[in-house]
Every structure is written in C-alpha cells, then in structure tokens.
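Summary of the model geometry
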Amino acid sequence: MKKIAVIGAGTMGNGIAHVFAQNGFMVNLIDISDESLQNGLATITKNLDRMMAKETITEDVKVQTLNNISTFTVLKEGVENVDLVVEAATENIDIKLNIFNDLDAMCAPGTILATNTSSISITQIAAVTNRPDKVIGMHFMNPVPIMRLVEIIRGYSTSDEVTETIMDLSVKLGKTPTEVNDYPGFVANRILMPMINEAIETLYNGVAGVKEIDTVMKLGMAHPMGPLQLADFIGLDVCLSILNVMYDGFKNPKYAPCPLLVNMVTAGKLGIKSGEGFYNYSASRKAEKVSTQFS
C-alpha cells in the first residue's frame, strides 16, 4: 500500500492522516469544507512542532510529512486510485452508511474500505457495499500520533487476507494492532464507556464532586486521567452516541446513558470541543471545575 485516503479532518481524521504521512504514505485528506481541512492541517502542524520541540523528529521529517498530505473537498477526486480508505467521519450510522455506499461505487474493486468507528457494526456498514470482504474496522485511539493501540475489527464477511493486510499495515505505522470481533462497542468502549457512565451516575447521585471522582480514579486506580475529564476529552456527545449504540445492540439496562449525560449533551456542554463539559476550558486549556450544579 502506498496511497491512502482519510475521510474527515477532525480530531481523529487529522491524527490518522498525520500518522500515515509521517510513515511515508501519500495521504488524501478529505472533508466537506476547505476550512475544516485547513484546521486539520493546522493541528497536524502544531503536533509536529510539539514533536520537534521534544526532539523526537527533525525539521526534515516535519516538512516531508506535510508534503505527503493533499487535501480534497470532493470525495470522488480524493478516493481515486487509492489502496485504502479510512473513514473518520462523525459517529453517526446514517452518515457512515451513505459514505460507504458512495465509496463502493467510486473506488477501484481492490480498494480496502476501513472505518474508524468506535462502536458501530462493521457488518452493518459492509452490507451497503458489494465488497463486504474488503470492509474492516480500524479503530485508532485518541490522540492518534501518541496512542499505540489500534482495534482491528472483523465484520462477518471480512476476509483473512484483508485482516492480515491491515494488521501488518498497523505495525508499519508503529502501532500495536489487536484483532477483535464485531459486537457493539468492540472491546475498548464496551469496557470504557460503562465506567465513564458510572462515574457520571456517581456525580448525578451526589456521591462526590467532579474533581473528587477523578482524583479517586487517578490516585486509587492509577488512571492517567479521571473518567470525567476523559469524557470531556472524548466528547460527551461521542460518549452518548456509543452508549446508545451498545444499549440498542444489547438491550441491557447497564448500558443506558445517565440522564445527566443526556442533559449536558442537549445543553451543548460537550467537553473540550465546546469549551465546557464537566470542566471549564473557556479561559485556558487547563481544566477548571464548572459551577456547583455538577458537584
């Protein structure tokens, strides 16, 4: 594989593009607006500058990485003659199904179609294509340039050959691929999201405040980040979406999202991306506790 298309220039998409480009792949980064693409490139540049400051890469590596990325606002142009497409659009089933239906019509027959979905069924996505054997989940962790894990999710019809290809490719990116089967939430979010939801329930029930809950998990369980701060980092809307997928998939009440999470998303308090979630990020990037209504 030499040429990769990445759909979506947001947090996950620009990170995926960054990693591929830094490892010598030619990357077509695709989004619906030039503004989104420029914001994505700005984030990649900032992250490369941070790596240079830590002396983990050289100026030449930064320049070459950016030179390896081309941007497109037209999907058909961006996926022409690529070996692999990695979709990193919004975690919304209808959006993803429409994208994969279009990709199947636009891409060459041998192109592998991967999705970075964190919870949605690979089998369901593959079903809208005529190449279900070539559809696979490639779930990167955030932040992509730093986190080593990639969940490789096989759909019902994903071939052994395609799975092996994507596993090998992940290793070439300096990642540790881990193969899992196609069930709601896969492994990472099936375990992580109930923990985050329970932390929100603990806050909702008045057991402790935001900072106190996070402190217990950081100091008592050796977590690098407390679950409420992590939820802000992931995006509360994303957390809610994943919990809903698992609740719908398993019909088990333990996956039902906490009412506080639902209310915060409805109110637009989505975490870092909106400037406020369980913590307030508006004044600076340092997390400061929000008003006592959540504590």
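Residues numbered from 1 in each chain as written. Predicted model: local features only at pLDDT ≥ 70, side-chain atom pairs only at ≥ 80, totals over all residues. Heavy atoms only, no water.

The chain carries the name 3-hydroxybutyryl-CoA dehydrogenase in an unreviewed UniProt entry, which gives Flagellimonas lutaonensis as its organism. For the record of the chain, the UniProt heading Sequence similarities (unreviewed entry) holds the text "Belongs to the 3-hydroxyacyl-CoA dehydrogenase family." (UniProt positions renumbered as here; feature names shortened; annotations may be inferred.)

**Looking at helix α11 (residues 236-250)**
Here α11 is 15 residues long and its end C-alpha atoms lie 21 Å apart, about the 21 Å a rise of 1.5 Å per residue gives. For α11, the complete set of buried residues consists of L236, C239, L240, S241, I242, L243 and M246. Close packing links the buried residues of α11 with α8 (188-204), α10 (227-234) and α12 (259-266). Once α11 ends, the next one or two residues include K251, with phi positive near 55 degrees. (Helix = DSSP H or I, 4+ residues; strand = E, 2+ residues; numbered from the N terminus. Expected span 1.5 Å × (residues − 1). Buried < 20%, exposed > 50% of the residue type's maximum accessible area, 1.4 Å probe, protein only. Contact = heavy atoms within 4.5 Å.)

**As for the domain arrangement of the chain**
Many structure descriptions define interface size as the accessible area lost when the parts assemble. On domain assignment, one finds that the chain holds domain 1 (3-181) and domain 2 (190-290). Each of domain 1 and domain 2 was reduced to a C-alpha centroid, and the two centroids are 26 Å apart. If you look at the interface, domain 1 gives six residues, while domain 2 gives four residues. Summed over both partners, the interface of domain 1 with domain 2 comes to about 420 Å²; 63% of that surface belongs to carbon and sulfur atoms. When the area that domain 1 buries against domain 2 is broken down by residue, the three leading residues are E91, S119 and N142, summing to 71%. On the surface where domain 1 and domain 2 come into contact, there are zero salt bridges. Inspection of the domain 1/domain 2 interface yields one residue pair in polar contact (both at pLDDT 80 or more). In terms of residue class, the side of domain 1 that touches domain 2 is built from two nonpolar, three polar and one charged. (Domains from an automatic or database assignment. Buried area = accessible area lost by both parts, 1.4 Å probe. Salt bridge = Lys/Arg side-chain N within 4 Å of Asp/Glu carboxyl O. Polar contact = N/O pair within 3.5 Å; in protein donor to acceptor, adjacent residues only side chain to side chain. Nonpolar A, V, L, I, M, F, W, Y, C, P; charged D, E, K, R; others polar.)

**Some points on the UniProt feature "binding site: NAD(+)" (unreviewed entry) in the chain**
The UniProt entry lists G8, A9, G10, T11, M12, G13, D31, E91, K96, S118, N142 and K273 under the feature "binding site: NAD(+)" (unreviewed entry), expressed in the numbering used here. For M12, the location among the structural elements is in helix α1 (residues 11-22). For M12, a relative accessible area of 18% corresponds to the buried category. Ignoring anything within four residues of it in the chain, the contact list for M12 reads A88, N116, F140, M141, N142 and V144. Checked against the element boundaries, K273 lands in the loop between α12 and β9 (279-280). Residues within four places of K273 in sequence aside, it is in contact with G235, D237 and V238.

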